[in-house]
Amino acid sequence: MTSGISPKDRFLTIYGRKPVLEALADRDLRVDKVILAEGIRGPVVEEIKEAAADRAVRVQRASAHRVKVLAGNGRHDQGVVADVVAPRMRPLADALDDPATAPQHILLLDGLTTPANVGMILRTATAAGINGVVVPHRGVASLDPLVVKASAGVAFHAPVLRTRTAGEAAEMLTEAGYPLYALEAAAEETIFDADFGSRAVFVLGSETSGLSEEVRSRIAQPLSIPMEGSVESLNVASAAAVLCFELLRRRRSARS
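For clarity, every value in this text was computed on a predicted model and none was experimentally measured.

### Here's the deal with the overall build of the protein chain
Secondary structure assignment for the protein chain yields nine helices and eleven strands. In terms of C-alpha radius of gyration, the protein chain reaches 20 Å, essentially the compact-globule figure of 18 Å for 256 residues. Counting across all 256 residues of the protein chain, residues that qualify as buried make up 47%. One way to put it: in the protein chain the 30 positive side-chain charges average out to a point 7 Å from where the 31 negative ones average out.

Below, the structure is given as structure tokens:
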């Protein structure tokens, strides 16, 4: 049974005059609608309206307060927001609905609040063929222009799976039969030696405080990345890159 899909599970809402104009200029993106704050004027606004008309994109007016609420960023919205269709974004529940087509390997972001890290992880995971990255609505950096920029635009096309919280995702995934692994520097077994099986979830915790307690309680096994040269740990986005391409290497080896 497919869950009711909310707009937050279908669109990336971007804000700011330049990001919206760039989205309208990108023919590979489908822009659902543009919303302008009442009263804003100027050459760039006219350019946005003309670009929207050229692509038959709806342009709506709303109060400045409403635009700030939609953007979630009152300092930088510049009175302009747009909903961009993210074709591979869907609720986690829908991705798990049919075990035959459910993702094999999934990344779960737990408390990552730095947009640059979230964006880089989405770019890396997509490049490595990971077919599910859980980005909860709460507790993780919003999928906004900062994340899009860090991903070099890949965030629009990334296989994003949505839930309310990381804890909710961890519960759903363990109930669906996925073991959860966490990257921890002190773990004895490494990502190069562990047997992940056909399905697995890899949790990437907060840059400062690690995993939340409700997620940590569901971890089946911690794994490490072996280090040399007196380096104790990697940035979370760098660690994710090592992991993602190890998974790609294994998939390719299994096919050869």
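### So, helix H9 (residues 236-255)
Its 20 residues place the ends of H9 29 Å apart at the C-alpha level, agreeing with the 28 Å of an ideal helix rising 1.5 Å per residue. Burial in H9 covers these residues: Val236, Ala237, Ala239, Ala240, Leu243, Cys244, Glu246, Leu247, Leu248 and Arg251. Close packing links the buried residues of H9 with strand E6 (105-110), helix H5 (115-127), strand E9 (180-183) and strand E10 (200-205). For H9, the N-terminal capping position is held by Asn235, with its side-chain oxygen 2.7 Å away from the main-chain nitrogen of Ala237.

### Considering the packing of H5 against H9
At a closest axis distance of 9 Å, the pairing of H5 and H9 adopts a crossing angle of 10°. Compared by their axis directions, H5 and H9 come out roughly parallel. The segment H5 lies against H9, with Asn117, Met120, Ile121, Thr124, Ala125 and Ala127 engaging Val236, Ala237, Ala240, Ala241, Cys244 and Phe245. A per-class count over the contact of H5 with H9 returns ten nonpolar, two polar and no charged.

Criteria and cut-off values
- Residues numbered from 1 in each chain as written.
- Predicted model: local features only at pLDDT ≥ 70, side-chain atom pairs only at ≥ 80, totals over all residues.
- Heavy atoms only, no water.
- Helix = DSSP H or I, 4+ residues; strand = E, 2+ residues; numbered from the N terminus.
- Rg over C-alpha atoms; globule rule 2.2 N^0.38 Å.
- Buried < 20%, exposed > 50% of the residue type's maximum accessible area, 1.4 Å probe, protein only.
- Lys, Arg positive; Asp, Glu negative; His and termini not counted.
- Charge placed at Lys NZ, Arg CZ, Asp CG, Glu CD.
- Expected span 1.5 Å × (residues − 1).
- Contact = heavy atoms within 4.5 Å.
- Polar contact = N/O pair within 3.5 Å; in protein donor to acceptor, adjacent residues only side chain to side chain.
- Axes fitted to C-alpha atoms, helices over the stretch in contact; angles between N-to-C directions.
- Parallel < 35°, antiparallel > 145°, perpendicular 65-115°, else oblique.
- Nonpolar A, V, L, I, M, F, W, Y, C, P; charged D, E, K, R; others polar.

No statement about biological role is implied by the geometric values presented.
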